[in-house]
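Residue-level listing of the chains:
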Amino acid sequence: MTESSASQVSQEKPQVKSKGGLFNSLYTGDGGIDFIGKSKIWYWITAALLIVSILFIALRGFSLSIDFEGGTKMNMPAADYSTTAVEETFVEATGVEPETVQIVGSGESRTLEIHSERLSDEQIEKARLAIYEEFQPLNAEGQPSPDAIGNSTVSESWGSTITQRMVLALIAFLVVAAIYIAFRLEREMAIAAMVALVVDGIIIAGTYAVIGLEVSPATVIGLLTVLTFSIYDTVVVFDKVRENTAGYEGSHRRTYAEQANLAVNQTFMRSISTTIISALPIIALMVVAVWMMGVGTLKDLALIQLIGVIEGTFSSVFLATPLLVSLKTRLSKTKKHTAEVVAS
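Anyway, here's the lowdown on the structure attached to this text. (Residues numbered from 1 in each chain as written. Predicted model: local features only at pLDDT ≥ 70, side-chain atom pairs only at ≥ 80, totals over all residues. Heavy atoms only, no water.)

**Things to note about the overall build of the chain**
Each helix and strand counted, the chain has twelve helices and six strands in total. Expressed as a percentage of the 344 residues in the chain, the buried residues total 47%. Sequence separation of 24 or more characterises 76% of the internal contacts of the chain that already satisfy a separation of 6 or more. In the form shown here, the chain has an accessible surface area of approximately 17100 Å², with 62% of it arising from carbon and sulfur atoms. (Helix = DSSP H or I, 4+ residues; strand = E, 2+ residues; numbered from the N terminus. Buried < 20%, exposed > 50% of the residue type's maximum accessible area, 1.4 Å probe, protein only. Contact = heavy atoms within 4.5 Å. Areas by Shrake-Rupley, 256 points an atom, 1.4 Å probe, with all protein chains shown as cover.)

Here is the structure:
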């Protein structure tokens, strides 16, 4: 019996619904919502998101920080300077067109940042003096000074090295996570969880490509963090599935798909609550550290965590478990059990 047959069984044998309606069903987890029966809808949504993400990654690529590409970054208190005027002064002094000239932060913490290709020490000094003479930025003591203009340079070789290390870290994470789930739960659960995790990574990366957000080392650290959150949420759901389906072949009350659907219902509100609780401090971090204090690195970390927490919850509920059921319903013993439940 195929997955569609299992879904049909789920529809033919409706779950018991509580008297309080949809919201009460969510809170009591009585299995009143047919998540598994709508697997095709979740698959189509996932496929659409994957196609859009892959297209934008392939065609548009990523906006990489100087930590990956190498280059020079100069910064100073933003005051009320025009980014266009600062860019013109920078180009006249160095003969180099900057990649970006932007203002980050808010209030007294606003900082003007200039990103360009790697500059020589002589070019950096010319740019500092030209910008100082034109705009007279103030140092920490409130006095005009060239020292108010900071700079940092990263070589292309360092950018290549850190990129390789980040890729290796992602691969190592996926391998360790797969091994853990395979030993902790079941082989099919490990496969479903890894597929969902890869989907998470692609969609999160695609979001960055679509919006054009800068990818920094903090972004990659945040990605590893949210993938960990996603795999945790998936393991929680799968653990409940394993509990519900233990010895399922000896019972003809529900099919494997129905037991898995019950598990999703029973853990759904926990997943939503965990997402909300996780998102609140992230939003607070963005407001206080980024908007009020202007800490750019924390912006990279907080933003990807917020995107990832939302995506991770979607995949653990609407993708990982339907994938697990699809894998399980292709096993001969599960097909046989489903046929017996239908016949009983």
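Further notes follow.
**Description of the sheet that holds strand β4 (residues 111-116)**
Taken together, the four strands give an open sheet; going across it, the order is β3-β4-β2-β5, and neighbouring strands pair in antiparallel fashion. The strands lining the two open edges of the sheet, one partner per strand, are β3 (100-104) and β5 (150-154). In this sheet, adjacent strand axes meet at a mean angle of 20° when their direction is disregarded. When strand β2 (residues 71-77) meets β4, the two strands line up antiparallel, connected through six bridges. Opposite P77, over in β4, you have T111 as the bridge partner. Helix-sheet contacts for helix α5 (residues 83-94) involve β2, β3 and β4, and the interaxial angle to β4 is about 40°. Running at roughly 20° to β2, helix α6 (residues 121-135) makes contact with β2, β4 and β5 of the sheet. (Pairing = 2+ DSSP bridges. Axes fitted to C-alpha atoms, helices over the stretch in contact; angles between N-to-C directions.)

**Overview of the packing of helix α8 (residues 187-211) against helix α9 (residues 217-245)**
Between α8 and α9, whose axes approach to 10 Å, the crossing angle comes to 145°. Note that α8 runs across α9; the crossing there is right-handed. Between α8 and α9, the residues in contact are M189, A192, A193, M194, L197, D200, G201, I204 and Y208 and T219, L223, V226, L227, S230, I231, T234, F238, V241 and R242, respectively. Class assignment of the residues belonging to the contact of α8 with α9 gives a composition of 13 nonpolar, four polar and two charged. (Left-handed = near helix turned anticlockwise from the far one by under 90°. Nonpolar A, V, L, I, M, F, W, Y, C, P; charged D, E, K, R; others polar.)

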